[in-house]
Amino acid sequence: MLQLTNLFKAAFRSILKNRMRSLLTSLGIIIGVSAVIVMVGVGAGSQKQIADQINSLGTNMILIMPSWSRMGGVSRGAGSFNRLKMSDTEAIREQATLVRYVSSIVFSGGQVIAGGKNWNTSIHGVDPDYRQIRSWDLTSGIFFTERDVRTRKKVAILGATVQKELYGDTDPIGDRIRIRNTPFTVIGVLKEKGQDARGQDQDDVILAPSTTVLYRLKGDNFINMIQASAVSLDKIDLAQNELAGILRVEHAIDYGQEDDFMIRNQAEITEMASETSRIMTLLLGAVAAVSLVVGGIGIMNIMLVSVTERTREIGIRMSVGARGSDILSQFLLEAVVLSLTGGIAGILLSAAIAFGLNQWSTVYTVIRPTIVILSFTFSGAVGVFFGFYPARKAARLNPIDALRYE
Amino acid sequence: MKPVIEIHNITKTYHVGEIDVHALNGVDLTVGAGEFVAVMGASGSGKSTLMNLIGCLDEPTSGEYDLDGVRVSSLSRDAYADIRNQKIGFVFQGFNLLPRTSALENVELPLFYDRQKRISDPRKAAQEALERMGLDDRMDHEPNQLSGGQQQRVALARALVNQPSILLADEPTGNLDSRTSVDVMSVFQELNDQGMTILLVTHEKDISHYTRRIVEMKDGRILNDTPVRSRLIAREVLESLKGVEECCN
């Protein structure tokens, strides 16, 4: 082998002699590499966003939802037999040792009238613990108490969006509003939380005592969900088992029979939510990788043209003593240098795009070092793979034919 | 006189489709050190084929070829490349310089491929070779910035930079006007006077008269092999040309 520095010099020299062509050749690699990095970055970003937002739902959260019931092997679908009751929440509150907070959740909704304005929003019936579970602070007023829940008091806490729509800048505390023709007194306003993982406005909500919503607004007996918070993250699985045991007793489920409720903890929910975006990331990355391969074919194309165009040069080099392997390494190195410089430029471009996206758009990207290294290595491999055929073609030329080539 | 080239009964057959073309039909040739030989003949006589074989650009179909006492007629492709690098200097009709590359870099090229690193400072060696050719002030010029004569001098510098055993020139004056041709021939004669073995292929009779020995070829065989009797001295011809110019201007 010749000195590598000399070969590099020769490769760079020939690349610099055809600046425009080299740039256009590298462009395929530049676009390919930056596409891979940005696409995977966007996927990873949305994954992280989803995880963050689920974490913002509460700490060490456990969700209990009614499950479908089976009638002789025939599933009747989720929630077809709603079996969660206020008494379940009470039982958990009294018996559970690994749960710090627990709250019934009752979903309702409807038209809300305050003074001359009205607004359609969702009404969530919750317990005082809900505030801790969601770690949701108030901007003004107070949260309702255990006593308010027991007495089914008609008090309401407005979400930031509802407050804005109904009151604008004025203070709503102490004001009377009508929710589906039932009068409520406003006792607090919630801090703004923004959008959730699905892009819904979390502030477009009114919180009221769970009993009030269940019995006075809905006239129902079953609650939609129970949210609880485990004492710590590492106890979350034990807490989940404990809750299941309490509910099975409450619901008088025999040994061997299926639960009529579903328990999910935060980690599982995060997992499920990020699964889709992980598949999405994979898909985006694969499509971008195809463009990288196309870029490699571009390199092969140009190198083949280059070999033909420089046949005479190859002949001259051979006539002064270049071996076939020298010619091979020169052309191969040229292809690799082209693809690697393209790779570096692609990394810089992707960094700029990621910065731009994070700065000026709602798309959030996370650039992972592994994917940068991987795509850079891949671009080098593309150079070797697609550079080899033209390089070998050059190396196999007959010196006399190459010298006579016009 | 130590022989540099010893060729015995060499043949070369090309296959063009179904037809065999016998470019060389049993050639014997011995060239001693310090000789200056012109190989002459019409096109198709086999002189270029002979030249390519001697230059290790091509392999013979049969026969023996010793260069500098080494049997080269049965070596590998890589070994051929190394012989071209170490023992042979080429000068071509079309100069064959790398385009868009400075004269200095062109001359450095053979040293770039020298695996034995016989010359420790390639740049300096290339500069000296160019200086010998009187191109001190043209080192950074690219081929398209040089005249034909200057380009051929760069090619000569490149051929000599690796200190070859023999200088092979294929129609070196073919692309030059007559005055520049004489000029280039004076360089060849000078080199030969310093002891360089030179083999020159040409079809111009007057050019062959600057050499010391003429080998005439026809149909792949050597027809005549005669020493030059009335040898032309390029420097004297140049003087007389100058005289003609002075009288007529």
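The written sequence of each chain sets the order in which its residues are numbered from 1. Chain labels run from A onward and ligand labels from 1 onward, assigned in the order the entries are written. Owing to the predicted nature of the model, reporting of local features is limited to residues with pLDDT of at least 70; listing and counting of side-chain atom pairs is limited to 80 or more, with chain, interface and lining totals taken over all residues. Water and hydrogen atoms play no part in the side-chain values, which are based on all heavy atoms of the structure.

A look at the overall build of chain B
Helix and strand assignments follow DSSP, with helices taken as H or I runs no shorter than four residues and strands as E runs no shorter than two, numbered in order from the N terminus. Looking only at helices and strands, chain B features eight helices and ten strands. Using C-alpha atoms as the atom set, the radius of gyration is obtained and then compared with a globule rule of 2.2 Å times the number of residues to the power 0.38. Relative to a compact globule of 249 residues, whose C-alpha radius of gyration would be 18 Å, chain B shows 18 Å and is just as compact. Overall, the C-alpha framework of chain B stretches about 55 × 45 × 40 Å when taken along its three principal axes. Nonlocal contacts in chain B, meaning residues at least 24 apart in sequence, comprise 70% of its contacts between residues at least 6 apart. Of the charged side chains in chain B, 27 are positive and 37 negative; the average position of the first set lies 2 Å away from that of the second. Throughout, a contact is declared for two residues whenever any of their heavy atoms are within 4.5 Å. We score Asp and Glu as negative and Lys and Arg as positive, and we do not count His or the chain ends. For the purpose of locating charges, the reference atoms are NZ of Lys, CZ of Arg, CG of Asp and CD of Glu.

A few points about the pattern of salt bridges
Residues and elements named next belong to chain B. Here, a salt bridge means any side-chain nitrogen of Lys or Arg that lies within 4 Å of a carboxyl oxygen of Asp or Glu. Under the defined criterion, the tally for this structure stands at 25 salt bridges over all chains. One salt bridge in this structure joins D68 and K87, with 3.4 Å as the shortest N-O distance. Taken together, the residues D68 in the loop between β4 (62-67) and β5 (70-71) and K87 in helix α2 (residues 77-87) connect sequence positions 19 residues apart. Here D114 makes a salt bridge to R118, at a shortest N to O gap of 3.6 Å. Only protein chains enter the accessibility calculation, which uses a 1.4 Å probe. A residue is then buried if its area is under 20% of the maximum for its type, exposed if over 50%, and partly exposed in between. Residue classification places D114 among the buried positions, given a relative accessible area of 3%. The exposure class of R118 is partly exposed, given its relative accessible area of 35%.

What about the packing of helix α5 (residues 148-160) of chain B against helix α6 (residues 178-193) of chain B?
All names here are of chain B. Helix axes are fitted to C-alpha atoms over the stretch in contact, other axes to C-alpha atoms as well, and angles between N-to-C directions run from 0 to 180 degrees. Where α5 meets α6, the axes come as close as 10 Å, and the angle between the chain directions of the two elements is 20 degrees. In this view, α5 runs roughly parallel relative to α6, as classed from their interaxial angle. Note that α5 runs across α6; the crossing there is right-handed. Residues G149, Q152, R153, L156 and L160 of α5 touch α6, and the partners they reach there are T180, D183, V184, V187, F188 and L191. Just so you know how the angles are binned, under 35 degrees is roughly parallel, over 145 roughly antiparallel, 65 to 115 roughly perpendicular, and the rest oblique. Each crossing gets its handedness from the near helix: less than a right angle anticlockwise from the far helix is left-handed, clockwise is right-handed.

Let's talk about a positive patch on the surface
Like-charged residues are merged into a patch within 9 Å and nonpolar side chains (Val, Leu, Ile, Met, Phe, Trp, Tyr) within 5 Å, provided each residue has over 30% relative accessible area and no salt bridge. With residues, only the protein chains shown are counted as cover, and all accessible areas are computed by Shrake-Rupley using a 1.4 Å probe. A grouping of R152, K154, R176, R178 and R216 of chain A is seen on the molecular surface, where their side chains present a positively charged patch. Of note, K154 of chain A is situated in the loop between α5 (146-150) and β7 (155-158).

A word on the interface of chain A and chain B
Contact residues are listed per partner, giving 30 residues for chain A and 25 residues for chain B. Here the quantity called buried area is the total loss of accessible area, with a 1.4 Å probe, experienced by two parts when brought into contact, counted for both. Taken together, the two surfaces of chain A and chain B that pack against each other cover about 2500 Å², and 52% of this comes from carbon and sulfur. Among the residues of chain A in contact with chain B, I316, V320 and R323 of chain A are the three that bury the most area, contributing 25% of the side total. Remark: the boundary between chain A and chain B carries three salt bridges. Among the ionic pairs, R115 of chain B bridges to D326 of chain A, the shortest N-O distance being 2.4 Å.

Some remarks on the sheet that holds strand β8 (residues 197-202) of chain B
Residues and elements named next belong to chain B. Any two strands with at least two DSSP-identified bridges between them are counted as paired. In space, the six strands of this open sheet follow the order β6-β7-β8-β3-β9-β10, with mixed pairing throughout. Strands with a single pairing partner mark the edges of an open sheet, and in this sheet they are β6 (88-91) and β10 (221-227). The average angle at which neighbouring strand axes cross in this sheet is 20 degrees, direction not considered. Across five bridges, strand β3 (residues 36-40) lies against β8 in parallel orientation. Looking at β8, one finds that V37 is bridged to L199.

Some remarks on the side chain of Q240 of chain A
Residues and elements named next belong to chain A. Mapped onto the secondary structure, Q240 falls in helix α8 (residues 236-250). Residue Q240 is classed as buried on the basis of its relative accessible area, which comes to 11%. Setting aside chain neighbours within four positions, we find Q240 in contact with I62, I263, R264, N265 and E268.

Quick look at the confidence of the model for chain B
Residues and elements named next belong to chain B. The share of residues in chain B with pLDDT of 70 or more is 99%, and the mean pLDDT across the chain is 91. pLDDT: the predictor's confidence for each residue, scored from 0 to 100. Looking across chain B, the model is least confident in helix α8 (residues 234-248), with a mean pLDDT of 81, and most confident in β3, with 95. Prediction confidence for the complex, expressed as pTM and ipTM, is 0.72 and 0.92 respectively.

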